[in-house]
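What follows is each chain in one-letter form.
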Amino acid sequence: MIDLTGKRALVAGGSRGIGAAIALALAEHGADVAFTYQSATEKAQAVAASIEATGRRAVALRADSADPAAIAQAVDAAATALGGIDILINSAAIGYYGAIADLDVDAYQKMMDVNVRAPLLFAKAVIPHLRSGGRIVSIGSGLGERVPFPGVTAYAVSKAALTAFTRGLSRELGPQGITVNLVQPGSTDTDANPADGDAAAFQRGLTSLGRYAEPREIAQAVVFLASPAASVITGAILNADAGALA
């Protein structure tokens, strides 16, 4: 049984989908959890209530992951409220879809700010709080490694960048006993990509298991990497994708 009792976690992007599942799973395994959200106040309140129902502390922080100042303020607020930070989960992300020939430069830049710059800035702000045994886990995508259909190239670029971030930061923080890892989900049943959506049958056909993942299944992979059980794992890329990259 993974035990995170006494650990303090910050989940960037924890009000919905995979991020919300991660926030709750961390609490179910004993961690106190702060999480950021951008605008979904009711959903954030619901996630906080679910965390508190486990007996753990919950701190919901409104912050725009495209705003460097907001990121720094959120980390400071989380550390103050929880008395420190032991675990950072980079889950905030947005999508940009369409052909590169039709690229909207402003929309692309906003996506890169959230999907690539924000994980770096969250890590930069959290690192001073981490001690030996600290954990950083980012949420990527199988599209960062394989792009099996058109229209997602720009998004795939943003997720592929997290591989270099993870491996490089693991080298920087390894001497301090801090691990840095990446989880790459495949098709996961969320509001953004429902298992009954128009393209769901095609996506299931790409997998070995023939199905979508549930957010809680991705969350359990993250909990493992955030736990003492994964103490020797760092700079690793874990595919939680029902075999899509097999």
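Residues numbered from 1 in each chain as written. Predicted model: local features only at pLDDT ≥ 70, side-chain atom pairs only at ≥ 80, totals over all residues. Heavy atoms only, no water.

**A closer look at the sheet that holds strand 4 (residues 87-90)**
What holds strands together in a sheet is hydrogen bonding between their backbones, with the strands either parallel or antiparallel.
Inference 1: Reading across the sheet, the seven strands line up as 3-2-1-4-5-6-7 and stay open at both edges, with parallel pairing between neighbours. Two strands bound the open sheet, and with one partner strand each, they are strand 3 (58-62) and strand 7 (237-240). Taken over all neighbouring pairs, the strand axes of this sheet differ in orientation by 20° on average, direction set aside.
Inference 2: Note: strand 2 (residues 32-37) against strand 3, five bridges, orientation parallel. Bridge assignment links V33 to a residue of strand 3, and that residue is A58.
Inference 3: Contacts from helix 1 (residues 17-28) reach strand 1 (8-12), strand 2, strand 4, strand 5 (135-139) and strand 6 (179-185), with the element oriented near 175° to strand 1.
Inference 4: Packed on one face of the sheet, helix 5 (residues 153-173) meets strand 4, strand 5, strand 6 and strand 7 and runs near 160° to strand 6. (Pairing = 2+ DSSP bridges. Helix = DSSP H or I, 4+ residues; strand = E, 2+ residues; numbered from the N terminus. Axes fitted to C-alpha atoms, helices over the stretch in contact; angles between N-to-C directions. Contact = heavy atoms within 4.5 Å.)

**Considering the side chain of T166**
Inference 1: Here T166 shows up in helix 5.
Inference 2: Under the relative-accessibility criterion, T166 is labelled buried at 0%.
Inference 3: Discounting residues that sit within four places of it in the chain, T166 has contacts with V180, N181, L182, G235, A236 and I237. (Buried < 20%, exposed > 50% of the residue type's maximum accessible area, 1.4 Å probe, protein only.)

**Considering empty space enclosed by the protein**
Over the atoms a probe the size of a water molecule is rolled, and this reveals where empty space is left.
Inference 1: As enumerated under the stated definition, the model contains one cavity of 30 Å³ or more in all.
Inference 2: Within this model, the largest cavity holds a volume of roughly 50 Å³.
Inference 3: In this structure, the largest cavity is lined by 13 residues; those nearest its centre are N90, S91, A92, V114 and P119.
Inference 4: Among the secondary structure elements, those contributing two or more residues to the lining of the largest cavity are helix 4 (105-126), strand 5 and helix 5.
Inference 5: Of all the elements, helix 4 adds the most residues to the lining of the largest cavity, at five residues.
Inference 6: Partitioning the lining of the largest cavity into residue classes produces eight nonpolar, four polar and one charged. (1 Å grid on protein atoms, 1.4 Å probe; cavity = no way out; pocket = protein on both sides within 12 Å on 5 of 7 lines; lining within 4 Å. Points joined across faces, edges and corners; volume = space filled by probe spheres on them. Nonpolar A, V, L, I, M, F, W, Y, C, P; charged D, E, K, R; others polar.)

**A few points about the packing of aromatic side chains**
Inference 1: What the rule picks out here adds up to two aromatic pairs.
Inference 2: Centre to centre, the rings of Y97 and Y155 are 5.7 Å apart; their planes meet at 45°, and the pair counts as tilted. Separated by 58 residues along the polypeptide, Y97 in the loop between strand 4 and helix 4 and Y155 in helix 5 bring together distant segments of the chain.
Inference 3: Look at Y155 and you get buried, because its relative accessible area is 12%.
Inference 4: Aromatic side chains F149 and F202 sit 5.8 Å apart centroid to centroid with 75° between the ring planes, which places their arrangement in the edge-to-face category. Placement of F149 in the loop between strand 5 and helix 5 and of F202 in helix 6 (residues 200-205) is noted, with a sequence separation of 53 residues between them. (Phe/Tyr/Trp six-rings, centres within 6.5 Å; stacked < 30°, edge-to-face > 60°.)

**What about the layout of surface pockets?**
Inference 1: Looking at the largest pocket, its volume works out to about 1300 Å³.
Inference 2: Surrounding the largest pocket, 46 residues form its lining, A93, Y97, Y155, T190 and A192 being those nearest its centre.
Inference 3: Taken together, the elements giving at least two residues each to the lining of the largest pocket come down to helix 1, strand 2 and helix 5.
Inference 4: A per-element tally of the lining of the largest pocket places helix 1 first, with three residues.
Inference 5: Tallied by class, the residues present in the lining of the largest pocket amount to 20 nonpolar, 21 polar and five charged.

**Observations concerning the nonpolar core**
Inference 1: Residues V11, I22, L26, V33, I51, I89 and V183 are the most contacted members of the largest nonpolar core, which totals 34 residues.
Inference 2: Residue assignment for this core shows that the elements contributing at least two residues are strand 1, helix 1, strand 2, helix 2 (41-53), strand 4, strand 5 and helix 7 (215-226).
Inference 3: Element by element, the count of residues in this core is highest for helix 1, at eight residues.
Inference 4: Those residues within four positions of I51 in sequence are excluded, and the remaining contacts are A23, L24, A27, V33, F35, R56, R57 and A58.
Inference 5: Grouped together as the second largest cluster of nonpolar side chains are 29 residues, A63, A74, A125 and L182 included. (Core = buried A, V, L, I, M, F, W, Y, C linked by side-chain atoms within 4.5 Å.)

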